[in-house]
Amino acid sequence: MDSNMVSPEPRKDIVATQSAALSNAVEKTVRVDSGYTPLSNKTRRIQRAESDKRFSLRKHFLESQQSDPNGYERIIGQSDLMSINFLERGQRAAKAVCRINVPDDGSAWYGTGFLVGPHLLVTNHHVLSDADEASQCEAEFDYEYDGDGALRQAVRFNLRPHEIFFTDAELDVTFVAVTHYSDKDVPLDRYGWLPLIPVPGKVVDGEWVTIIQHPGGQAKQIAIRASQILTLDKADLGIDLDRFLHYSTDTEPGSSGSPVFNDQWQVLAVHHKAVPAPAKPGAPAGKTKWLANEGIRVSAIFKLLERQRFTHPHAGLILDRLDRSLGMSPLVRAEVLNDSSLEADHAPLELSRWVGVTGYDPAFLNLRIDLSTIYAPALAKGLLAPLLDGSGHELAYHHFTSVVHAKRKFPLITAVNIDGNKLVPPGARRNTWRRDARMADDYQPNGDFYEKGKGTDRVQFSRGHQVRFLDPCWSATTGDLAESQASGEDTFHYTNAAPQVQTYNDVDWGNLEDYLLNKAQEDQKRLTIFTGPIYRDDDPFYGKSRTGGPWQIPLSYWKIAVLQKTPDRVAAAAFIVGQTQYVKALYEAKAFSGLRPYTVDEMRSRHIQTTIPAIEQETGLDFSTLRPFDAQGTLESTRQTRWIVDVGDIVI
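Residues numbered from 1 in each chain as written. Predicted model: local features only at pLDDT ≥ 70, side-chain atom pairs only at ≥ 80, totals over all residues. Heavy atoms only, no water.

Caption draft 1: Summary view of the overall build of the chain. A tally of helices and strands in the chain yields 15 helices and 29 strands. Counting across all 652 residues of the chain, residues that qualify as buried make up 53%. Look at the contacts in the chain between residues 6 or more apart in sequence, and 70% of them connect residues 24 or more apart. Carbon and sulfur atoms make up 50% of the accessible area of the chain, which totals about 29900 Å². (Helix = DSSP H or I, 4+ residues; strand = E, 2+ residues; numbered from the N terminus. Buried < 20%, exposed > 50% of the residue type's maximum accessible area, 1.4 Å probe, protein only. Contact = heavy atoms within 4.5 Å. Areas by Shrake-Rupley, 256 points an atom, 1.4 Å probe, with all protein chains shown as cover.)

Caption draft 2: How the structure looks around the pairing of strand 6 (residues 165–168). Examined bridge by bridge, strand 6 and strand 7 (residues 173–177) share four bridges and lie antiparallel to one another. Among the inter-strand pairings, T167 is bridged to a residue of strand 7, identified as T174. Here strand 6 hands over to strand 7 after four residues, with D172 in that stretch at a positive phi of 65°. (Pairing = 2+ DSSP bridges.)

Caption draft 3: Inspection of the side chain of N124 at higher detail. Mapped onto the elements of the fold, N124 is located in the loop between strand 3 (120–123) and helix 6 (131–134). Its relative accessible area of 0% is what places N124 among the buried residues. Reaching out from N124, the side chain makes a polar contact with the backbone oxygen of H271 at a distance of 3.4 Å. Beyond its immediate chain neighbours, meaning those up to four positions away, N124 contacts D172, V173, T174, S256, G257, V270, H271, H272 and I296. (Polar contact = N/O pair within 3.5 Å; in protein donor to acceptor, adjacent residues only side chain to side chain.)

Caption draft 4: Region of interest: the sheet that holds strand 3. Read across the open sheet, the seven strands follow the order 5-4-1-2-3-7-6; overall the sheet is antiparallel. The sheet is open, and its two borders are formed by strand 5 (155–158) and strand 6, each paired with just one other strand. Between one strand axis and the next, the sheet turns through 30° on average, direction left out of account. Its contacts with the sheet place helix 8 (residues 315–325) against strand 2 (107–117), strand 3, strand 6 and strand 7, and it is angled at close to 60° to strand 2. (Axes fitted to C-alpha atoms, helices over the stretch in contact; angles between N-to-C directions.)

Caption draft 5: How the structure looks around the packing of aromatic side chains. Here the structure, examined in full by the defined rule, presents 18 aromatic pairs. Centroid distance F261 to W265: 5.0 Å. Interplanar angle 65°. Geometry classified as edge-to-face. Cluster of aromatic residues (ring-pair linked, three or more members): F310, F410, F449, Y542 and W551. (Phe/Tyr/Trp six-rings, centres within 6.5 Å; stacked < 30°, edge-to-face > 60°.)

Caption draft 6: Fine view of the nonpolar core. Core analysis: the largest hydrophobic core is formed by 54 residues, its most contacted members being F114, L128, F175 and L305. No other element matches helix 7 (residues 298–307), which puts six residues into this core. Residues in contact with F114, not counting those within four places in the same chain, are A96, V97, L120, L121, V122, L194, L196, G257, S258, P259, V267 and V270. Judged by nonpolar contacts, the second largest core, of 47 residues, contains I369, W433, W551 and V562. (Core = buried A, V, L, I, M, F, W, Y, C linked by side-chain atoms within 4.5 Å.)

Caption draft 7: Here's a closer look at the pattern of salt bridges. Overall, the coordinates contain 22 salt bridges when judged by the stated rule. Among the ionic pairs, E618 bridges to R536, the shortest N-O distance being 3.1 Å. Taken together, the positions of E618 in helix 15 (residues 612–619) and R536 in the loop between strand 21 (526–534) and strand 22 (541–542) put the pair 82 residues apart, joining distant regions of the chain. Residue E618 is classed as buried on the basis of its relative accessible area, which comes to 13%. Residues joined in a network through salt bridges with shared partners are R99, E138, E140 and R156. (Salt bridge = Lys/Arg side-chain N within 4 Å of Asp/Glu carboxyl O.)

Caption draft 8: Structural detail: the confidence of the model for the chain. Summing up the model confidence of the chain, the mean pLDDT is 77 and the portion of residues at 70 or higher is 67%. For the chain, helix 13 (residues 586–589) is the element with the lowest average pLDDT, namely 33, and strand 16 (residues 400–404) is the one with the highest, namely 98. Low pLDDT, under 50, characterises residues 502–508; the predicted model gives this stretch 23 contacts beyond four residues in sequence or across chains. Here residues 579–607 scores under 50 on pLDDT; set against residues more than four positions off or in separate chains, the count is 112 contacts. (pLDDT = per-residue confidence, 0-100.)

Caption draft 9: Structural view of the side chain of K220. Structurally, the position occupied by K220 is in the loop between strand 8 (208–213) and strand 9 (221–230). Within the structure, the side chain of K220 is placed 2.7 Å from the backbone oxygen of A94, a separation counted as a polar contact. If we skip the residues at most four places from it in the chain, K220 touches A94, K95, V97, D142, Y143, E144, I212, Q213 and H214.

Here you go:
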């Protein structure tokens, strides 16, 4: 023994065996049996987990220290201890798992599925591949042994593919609606559901997972923490590892469609197949040896649905129900009731109309905020639509400016100045939309994009103001109604509109805008607001048959408000509204804890107040001038992204 080594102090909570033979036998077993993890391997796993790019994200999905004191230690392999409620919550999760009975020429074969939202079930494509087959199948719940070892009678529910049916062979996933009541009038709501969290990062390399399943069509069983996540080398695999998860859990035929859980009982993947050992050349054919299993990542399933939201008739319905499963209100599509409700298109205004109109004023507040600095990163990437006269990229209107995204053809950013001391009511709103003659039509949609009769699409959008009608309606000359009306008229340009697919155009988004305008008006203060869509590469397409189509539709919108709080001090607040499940900042918000979603009231608005750096990360814009004044980002808290239940929650 090295004389420099200090013998560790004996643990007082352990009574050690005095049998050398037993110690030797255990040591030998640990060395040869891969089911045991020696201390040296645990150390390596800790290092591997902490170097995993998802590790910092995974920590945000853990429960509080009080609820699960060993959660952090488990994900790095330092401890296998967990709160006793793990078992109770697992039993609750298991209620949503069912056996799928598929009739086949007088007999039947089986798969597994589970509820993921109100009357919505998910399984594999190879279990349910078409709607006609699904209409003959049953979802059987409670087919399991009770605490006394007696087999419960299955509770059977019919499937409703005519209501919802969506399948994809490549990803091997199927969604189907389920009847509200069983053949014995048992309500399906009794079984709850397993909400799917669409953001990635719920698991790290080496972490234990659990599967609840109906192997071989048998009664419900569980492979509890019997598998570890495998991180594979992408080279030459021919598999998209961003779509599939690999692990080594015991499963059998019939387990297809089972949920794969982490230790917080959050669904990581939908199990779908096993990975066999490679065949050795010249070796005799024998029983297949299985090395691992593969599941479809939840994040990949959401991406598939989002891509087809506006092209597959049921993809949007499924996303609505998945939103509801998290306590979020469904995405409501705008509908055109009759031709009279259409907002008319008018001819572009004459170029002379813009003489002397300077648009957004960067020196409007005591802090100078140059618009060109904000969009400079986008300009460097060639993303800005130019003006026809070659003068730049900024479309100046009365008290606001719009910069258009050249590829997406909607505004990249709008900036408006609001003087709360000089607001002038503009009178009745005139719903007349037009293109701007200062920019080529190639960079602007028109009514063809929005009007229902102009395409074969199933979805109808409303024209969503980025700078809303009332915000620029003020006059430098007190009481100048003409200037106020011109400002309001300017907002009805397609260069100031983006497609709204949610009720927040009038309700959720409008409530936030009302609050900000009132903040300026009641306190007679100045306010500058920057607004725009969040453009993502995987935004869904729409309008293939429409002029200028197809178009990619942004599903989230951002807003940064800068308020002149005192003559020499400003404050800024950043917001995101829309399909916020794709906002990375929500990792901090912990929108989900265990199996308990937020209540409907807590999450119905889908507003979050976040930080300016979070907006920069989502948009690629540069708001560095405003970072020091970020009301949310300067809070001394790690939770800098928060849901806004009502306007009283806003910090500015």
